[in-house]
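Spelled out from the first residue to the last, the chains are:
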Amino acid sequence: MADQPFIARGFHSRRAAAPPGRLPPGQYETRDFPVLSAGPTPRTPLESWDFTIRGADGGQSSVRWSWDELQALPRETPTVDIHCVTKWSKFDTRWEGVSVDTLLDAALTAGVADGAFVLAFCDGGYTTNLPRADVTGGKAWVAFGYDGAPLAPEHGGPARLLVPHLYFWKSAKWVRGLQLLPSDEPGFWEQLGYHDRGDPWREQRYQGDP
Amino acid sequence: MSEAVVERVAAATPGPPRLEWQVATVVSVQQETPRARTLVLDVPQWPGHRAGQHVDVRLVAEDGYQAQRSYSIASAPAERTVALTVERLDDGEVSPYLCGVLQPADGVEVRGPIGGYFVWEVAQGGPLLLVAGGSGIVPLMAMLRHHARADVSARAAVPVRLLYSARTLDDVIYRAELEKLADPPQVEVVLTLTRDAPPAWSGYRRRVDRAMLEAVSWPSSAAPHVYVCGPTSLVESVATLLVDLGHEASRVRTERFGPTA
């Protein structure tokens with residue numbers, strides 16, 4: 001079955017082809033921005049919001065930024081394609097945020113214990129795990145702006161992780177920090193059957209996918 | 001731990017088995033509403049599912065073009081076949097195929113079940129509050145059917161209320177079955193019609209709001225398990241209202257459908 005695809009009788013594409021190389025396997029392009037989350041949208045006032053990087057020493061070492069401190073850091077405005085495991089992809093989304101490189105560099109300089117993996121943690125209890133290499137090297141941001149406006153709560157505002165080269169559940173909404181870890185620990189969806197890495201180009205949707 | 005050791009450990013521990021694509025056979029189809037159709041599937045290697053889970057459907061065309069979408073399972077875990085109810089979106093490409101072209105005895109590729117959070121089992125207990133908008137009723141119907149199949153004492157221990165928002169009475173999916181569940185009452189079913197209601201309609205005729213939720217829901221002190229499924233606008237507002245009414249956020253589970261065209 002894997003070698004010989006099953007042809008769906010009478011099925012034809014009804015969509016204009018996406019530009020070559022932009023749509024990962026099994027995805028389709030949408031112009032909307034669908035919302036997916038497992039529970040109510042948390043609402044944390046900016047006065048009590050902070051972002052913390054905890055070290056791989058069990059969090060004994062850590063660095064924290066208030067909302068204002070985060071806003072004062074150098075900003076970037078990535079324009080990226082995003083890919084949701086529920087099959088939609090959206091091209092050329094415009095974000096504003098702080099590179100995770102900036103935050104991690106500051107944390108490590110301040111003596112926070114380094115680790116090969118991170119677990120992003122969020123308001124509402126959501127977590128997701130990522131190799132450290134997937135959030136460094138200009139590939140990930142803590143984003144607080146979308147399409148020229150503050151990021152809306154249902155899309156993860158005040159701030160979400162943005163890791164566009166992986167399926168979008170890795171871009172944790174309502175993010176409050178990163179826990180550095182010596183080894184990989186599955187997050188919320190990863191414990192419920194979703195892939196630990198989630199590369200859309202390799203179609204790593206669920207545990208057991210190659 | 002050195003990287004070499006990590007790799008050896010990883011290689012020695014086999015990962016979870018892959019969810020493989022399988023060709024299911026359409027046993028029957030049933031038109032539920034003018035826009036929604038149920039496909040009853042025989043899936044040869046079905047591992048079983050929990051109420052609330054979904055499957056991925058893949059369609060491959062002659063020229064190799066493929067499309068995938070996710071659809072909620074409507075059938076109870078104990079049923080031998082797997083039922084999907086699909087709402088037709090005219091500008092889509094998968095839902096018009098599933099709602100129009102696919103016929104009994106046809107094959108269709110599926111893999112699943114998927115999703116382990118928006119699930120409910122009788123053993124979790126109740127009370128159980130279900131809030132549906134439109135075709136968001138589908139995974140909640142699997143929960144209702146699961147409840148209906150439980151033995152009498154287990155069923156009696158879990159009171160269930162369903163608040164279901166639809167545009168018109170004709171858009172109410174599973175209407176006859178819901179009426180049967182409500183009389184004699186195994187489940188309290190409350191409908192609200194947001195666009196158009198028959199002249200004799202005595203029920204709600206507006207979007208779900210705070211007053212409606214207060215009237216239909218148990219108080220937060222009863223700590224119901226709450227499952228909300230529907231379009232984003234409904235799920236956002238209902239989940240926020242429930243938290244405002246004192247329900248613990250961790251007891252309110254949501255599933256939103258984006259466009260699965």
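Quantities reported herein were computed from a predicted structural model and do not represent experimental measurements.

(A) Spatial organisation of the overall build of chain B. Regarding its fold elements, chain B presents 7 helices and 11 strands. Dimensions of chain B, computed from the C-alpha atoms along their principal axes, are close to 65 × 50 × 35 Å. Residue burial in chain B is summarised as follows: out of 261 residues, 52% are buried. In chain B, the share of contacts with a sequence separation of at least 24, taken over all contacts with a separation of at least 6, comes to 72%. For chain B, the exposed area adds up to about 11400 Å²; of that, 51% sits on carbon and sulfur atoms. For chain B, the distance from the average position of its 25 positive side-chain charges to the average position of its 30 negative side-chain charges is 3 Å.

(B) Structural view of the overall build of chain A. Secondary structure summary: chain A contains 3 helices and 11 strands in total. Seen in sequence order, chain A has helices and strands lined up from the N terminus as β-β-β-α-β-β-α-β-β-β-β-β-β-α. What you see for chain A is a C-alpha radius of gyration of 18 Å, in line with the 17 Å of a compact globule of 210 residues. Over its C-alpha atoms, taken along the principal directions, chain A stretches across nearly 60 × 35 × 30 Å. The burial tally for chain A puts 56% of its 210 residues in the buried class. Across chain A, contacts joining residues at least 24 apart in sequence account for 66% of those joining residues at least 6 apart. A distance of 7 Å separates the average location of the 21 positive side-chain charges in chain A from that of its 26 negative side-chain charges.

(C) Highlighting the sheet that holds strand 3 (residues 62-66) of chain A. Residues and elements named next belong to chain A. Pairing is mixed across the open sheet formed by 5 strands, whose spatial order is 3-2-11-6-7. Looking along the sheet, the strands with just one partner apiece sit at the ends: strand 3 and strand 7 (127-131). Each strand of the sheet is rotated relative to its neighbour by a mean of 15°, with strand direction disregarded. Strands strand 2 (50-54), strand 3 and strand 11 (175-181) of the sheet are contacted by helix 2 (residues 100-109), whose axis makes an angle of about 60° with strand 2.

(D) Spotlight on the pairing of strand 3 of chain A. Residues and elements named next belong to chain A. Side-chain alternation along strand 3 places V63 and W65 on a buried face and S62, R64 and S66 on a face that remains uncovered. Direction of pairing for strand 2 relative to strand 3: antiparallel, over a ladder of 5 bridges. The residue of strand 3 that forms the bridge with R54 is S62.

(E) Quick peek at helix 7 (residues 232-244) of chain B. Here helix 7 of chain B is 13 residues long and its end C-alpha atoms lie 18 Å apart, about the 18 Å a rise of 1.5 Å per residue gives. Within helix 7 of chain B the residues assigned to the buried category are B:L234, B:V235, B:E236, B:V238, B:A239, B:L241 and B:L242.

(F) Expanded view of the interface of chain A and chain B. The interface is formed by 38 residues belonging to chain A together with 50 residues belonging to chain B. Between chain A and chain B, roughly 3700 Å² of surface is buried when both sides are summed, and carbon and sulfur atoms account for 55% of that area. Our enumeration of links across chain A and chain B arrives at 5 salt bridges. For the salt bridge of B:D106 with A:R9, the shortest nitrogen-to-oxygen distance reads 2.5 Å. Where chain A packs against chain B, one counts 16 residue pairs in polar contact (both at pLDDT 80 or more). Grouping the amino acids of the side of chain A that touches chain B by side-chain chemistry returns 18 nonpolar, 10 polar and 10 charged.

(G) Quick peek at the nonpolar core. Ranked by internal contacts, the top residues of the largest apolar core, which has 41 residues, are A:F51, A:I53, A:L70, A:L103, A:V142 and A:L161. Taken together, the elements giving at least two residues each to this core come down to strand 2, strand 3, helix 1 (67-71), helix 2, strand 6 (117-122), strand 8 (141-146), strand 11 and helix 3 (188-191) of chain A. For A:F51, the contacting residues outside a window of four places in its chain are A:V63, A:R64, A:W65, A:L103, A:V142, A:V175, A:R176, A:G177 and A:L178. One finds B:A132, B:V138, B:L144 and B:L178 within the second-largest nonpolar core, a separate group that totals 37 residues.

(H) The confidence of the model for chain B, seen in detail. Mean pLDDT over chain B stands at 92; residues scoring 70 or higher make up 93%. Note that residues 1-12 of chain B has pLDDT below 50 and, in this model, 1 contact with residues that lie over four places away or in other chains.

(I) Structural detail: the pattern of salt bridges. In the structure shown here, the tally under the stated rule is 30 salt bridges over all chains. For B:R88, the salt bridge goes to B:D90, with nearest N and O atoms at 3.0 Å. Salt bridges sharing common partners tie together A:D50, A:R64, A:D123 and A:R176.

(J) Region of the structure containing the domain arrangement of chain B. Residues and elements named next belong to chain B. Split by domain assignment, chain B resolves into domain 1 (22-114) and domain 2 (122-256). Summarising the inter-unit geometry, the C-alpha centres of domain 1 and domain 2 are found 24 Å apart. Each partner contributes to the interface: domain 1 provides 19 residues, whereas domain 2 provides 16 residues. A combined buried area of about 1300 Å² lies between domain 1 and domain 2, and 60% of that area is made up of carbon and sulfur atoms. Area buried by domain 1 at its contact with domain 2 is led by T33, A51 and A74, which between them contribute 27% of it. With a closest N to O distance of 3.9 Å, R167 and E87 form a salt bridge.

(K) Summary view of the pairing of strand 5 (residues 82-87) of chain B. Residues and elements named next belong to chain B. Here strand 5 lies mainly inside the structure; 5 of its 6 residues are buried. Pairing between strand 2 (residues 36-42) and strand 5: 6 bridges, direction antiparallel. When the sheet's bridge partners are listed, L41 is paired in strand 5 with V82.

(L) Representation of helix 2 of chain A. Restricting attention to buried positions, one finds in helix 2 of chain A the residues A:V100, A:D101, A:L103, A:L104 and A:A107. With its buried residues spanning 165° around the axis, helix 2 of chain A presents them on a single face.

(M) Quick peek at the sheet that holds strand 4 (residues 66-72) of chain B. All names here are of chain B. Spatially, the 6 strands line up as an open sheet ordered 4-3-6-1-2-5, and their pairing is antiparallel. A single partner strand is all that each edge strand has here, and the edge strands are strand 4 and strand 5. Within this sheet the neighbouring strands show an average axis-to-axis angle of 40°, counted without direction. Taken together, the 6 bridges between strand 1 (residues 22-31) and strand 2 define a ladder with antiparallel strand orientation.

(N) Layout of the packing of aromatic side chains. Within the structure shown, the criterion is met by 21 aromatic pairs over all chains. Centroid distance A:Y194 to A:Y206: 5.3 Å. Interplanar angle 70°. Geometry classified as edge-to-face. On the criterion of sequence distance, the pair formed by A:Y194 in the segment after helix 3 and A:Y206 in the segment after helix 3 is long-range, its members being 12 residues apart. Pair check on accessibility: A:Y194 and A:Y206 agree, each one buried. Through successive ring pairs, a cluster of aromatic residues spans A:Y126, A:Y167, A:W169, A:F188, A:W189, A:Y194, A:Y206 and B:Y117.

Basis of the calculations
Residues numbered from 1 in each chain as written. Chains lettered and ligands numbered in written order. Predicted model: local features only at pLDDT ≥ 70, side-chain atom pairs only at ≥ 80, totals over all residues. Heavy atoms only, no water. Helix = DSSP H or I, 4+ residues; strand = E, 2+ residues; numbered from the N terminus. Buried < 20%, exposed > 50% of the residue type's maximum accessible area, 1.4 Å probe, protein only. Contact = heavy atoms within 4.5 Å. Areas by Shrake-Rupley, 256 points an atom, 1.4 Å probe, with all protein chains shown as cover. Lys, Arg positive; Asp, Glu negative; His and termini not counted. Charge placed at Lys NZ, Arg CZ, Asp CG, Glu CD. Rg over C-alpha atoms; globule rule 2.2 N^0.38 Å. Pairing = 2+ DSSP bridges. Axes fitted to C-alpha atoms, helices over the stretch in contact; angles between N-to-C directions. Expected span 1.5 Å × (residues − 1). Buried area = accessible area lost by both parts, 1.4 Å probe. Salt bridge = Lys/Arg side-chain N within 4 Å of Asp/Glu carboxyl O. Polar contact = N/O pair within 3.5 Å; in protein donor to acceptor, adjacent residues only side chain to side chain. Nonpolar A, V, L, I, M, F, W, Y, C, P; charged D, E, K, R; others polar. Core = buried A, V, L, I, M, F, W, Y, C linked by side-chain atoms within 4.5 Å. pLDDT = per-residue confidence, 0-100. Domains from an automatic or database assignment. Arc of directions from axis to C-beta. Phe/Tyr/Trp six-rings, centres within 6.5 Å; stacked < 30°, edge-to-face > 60°.

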